[in-house]
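Residue-level structure breakdown
The residues making up each chain are set out below.
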Amino acid sequence: MRARRAFAVLLLTASLGLAGCGAGNSSGDGAQSAEKPAAADAKEGAAGSGYAADEAAGKPAEGGTGQDGAAKPSVLPKAHVIRTAELAVEVKDATKALAAARRSAESAGGRVENESTERIDDTHITSHVVLRVPQERYDSVLAELAGAGKLLTRQAEAKDVTDQVVDVESRIATQRASVARVRVLMDRATKLSDVVALEGQLSTRQADLESLLAQQAALNDRTSLATITLTLSEKEREEPKKEDDGPGFLDALGGGWDALVATLRWITVAVGAVAPFAAVGAVLYVLWRCLVRPRLRKRPAAAPPAAPAARD
């Protein structure tokens, strides 16, 4: 019995040892097979230099998971809105109202971007000013400007550009990673042809990055500061009308003088119109008196007709 028990224990130990060796070999082979594709993917990603590979490497993963495998909640981007408004206000003094509008914008942390003033017919002044104020003070400044006088027109607009801002930021991150990757490849390049090709790629991507940064700066300026276009105008001043007490002696004298002058003017016009005809008639009359009439006088008288003979 003891010999059988010892043989059974020895057989069980040998079986367990063989099972452990087989499991170790299978796990090692699986780890090696899993490492090969990962190494190949890493090598392929390092060797690729196209825009598609750069964008794939630079874009952050959306809806990623944590270490425990649970899905992380997606963070909503901050809203970016472009606000613009146009106001037309009638005031008593456009100069004072313009100075007040300028102080209102500067006290709110904004600035005056454009300004023009015009005097019309020496009767009233019109001012046109463009103000940039922070978004958080936009409503208060707009209400203050609208209450400066009589509100004629008001137009406000809000445009959401959150998607555009997020897209530009994502493209900037991708482009920066692309530029950094090309610079690393330039440091490792040994052939002159590779260096020249990488310099061309770096110049192109750097220009694209600067363009994206300019777009981002313009969007930040338009979304951080609201634009208010204000037109200030004064009411047209009417000239006082004189009271009409009826015509007097001086008015009658002036009217008679005007009538006399008008009559003399028309007589002068009539004389001027007849003068050429009178001059031609006078010349013809002088010629007739000097040339034609004397000749008629010198012509002999015609002989009288013979009397008929008397009949016996």
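An account of the accompanying structure is given in this report.

The rules behind each value
Residues numbered from 1 in each chain as written. Predicted model: local features only at pLDDT ≥ 70, side-chain atom pairs only at ≥ 80, totals over all residues. Heavy atoms only, no water. Helix = DSSP H or I, 4+ residues; strand = E, 2+ residues; numbered from the N terminus. Expected span 1.5 Å × (residues − 1). Buried < 20%, exposed > 50% of the residue type's maximum accessible area, 1.4 Å probe, protein only. Arc of directions from axis to C-beta. Contact = heavy atoms within 4.5 Å. Core = buried A, V, L, I, M, F, W, Y, C linked by side-chain atoms within 4.5 Å. Salt bridge = Lys/Arg side-chain N within 4 Å of Asp/Glu carboxyl O. Axes fitted to C-alpha atoms, helices over the stretch in contact; angles between N-to-C directions. Parallel < 35°, antiparallel > 145°, perpendicular 65-115°, else oblique. Left-handed = near helix turned anticlockwise from the far one by under 90°. Nonpolar A, V, L, I, M, F, W, Y, C, P; charged D, E, K, R; others polar.

1. Regarding helix α3 (residues 94-107)
- Its 14 residues place the ends of α3 20 Å apart at the C-alpha level, agreeing with the 20 Å of an ideal helix rising 1.5 Å per residue.
- Here α3 has its buried residues at Ala94, Ala97, Leu98, Ala101, Ser104 and Ala105. Buried residues in α3, looked at end-on, bunch into an arc of 125°, giving them a common side. Turned more than 90 degrees off the buried face of α3, the exposed positions are Lys96, Arg103 and Ser107.
- On the buried face of α3, the contacting elements are β1 (81-91), β2 (111-120), β3 (124-134), α4 (138-146) and β5 (225-234).
- In the segment just after α3, Gly109 is the residue with positive phi, at about 95°.

2. Quick notes on the nonpolar core
- Residues Leu131, Leu145, Ile228, Leu230 and Leu232 are the most contacted members of the largest nonpolar core, which totals 23 residues.
- For this core, the secondary structure elements donating two or more residues are β1, α3, β3, α4 and β5.
- In this structure Leu230 touches Leu87, Val89, Ala101, Ser127, His128, Val129 and Leu145, once residues within four positions along its chain are discounted.
- By size, the runner-up hydrophobic cluster in this structure holds 12 residues, among which are Val168, Ile172, Val179 and Leu209.

3. Side note on the pattern of salt bridges
- Per the stated rule, a full pass over the model turns up 6 salt bridges.
- Salt-bridge contacts for Arg102 lead to Glu115; the nearest nitrogen and oxygen are separated by 2.9 Å. Of this pair, Arg102 sits in helix α3 while Glu115 sits in strand β2, and the two are 13 residues apart along the sequence.
- Residues joined in a network through salt bridges with shared partners are Arg111, Glu113, Arg132 and Asp221.

4. A few points about the packing of helix α5 (residues 162-188) against helix α6 (residues 192-224)
- α6 packs onto α5 with a crossing angle of 155° between their chain directions and a minimal axis gap of 9 Å. Judged by the angle between their axes, α5 and α6 are roughly antiparallel. The handedness of the crossing between α5 and α6 comes out as left-handed.
- Of the residues assigned to the contact of α5 with α6, the class counts are 13 nonpolar, 7 polar and 7 charged.

5. Concerning the environment of Ala97
- For Ala97, the location among the structural elements is in helix α3.
- Sequence spacing of Ala97 and Gly149 is 52 residues, and the spatial spacing of their C-alpha atoms is 8.7 Å.
- What Ala97 contacts, discounting residues up to four positions off in sequence, is Val91 and Leu232.

Purely spatial values, then, with no claim about function.
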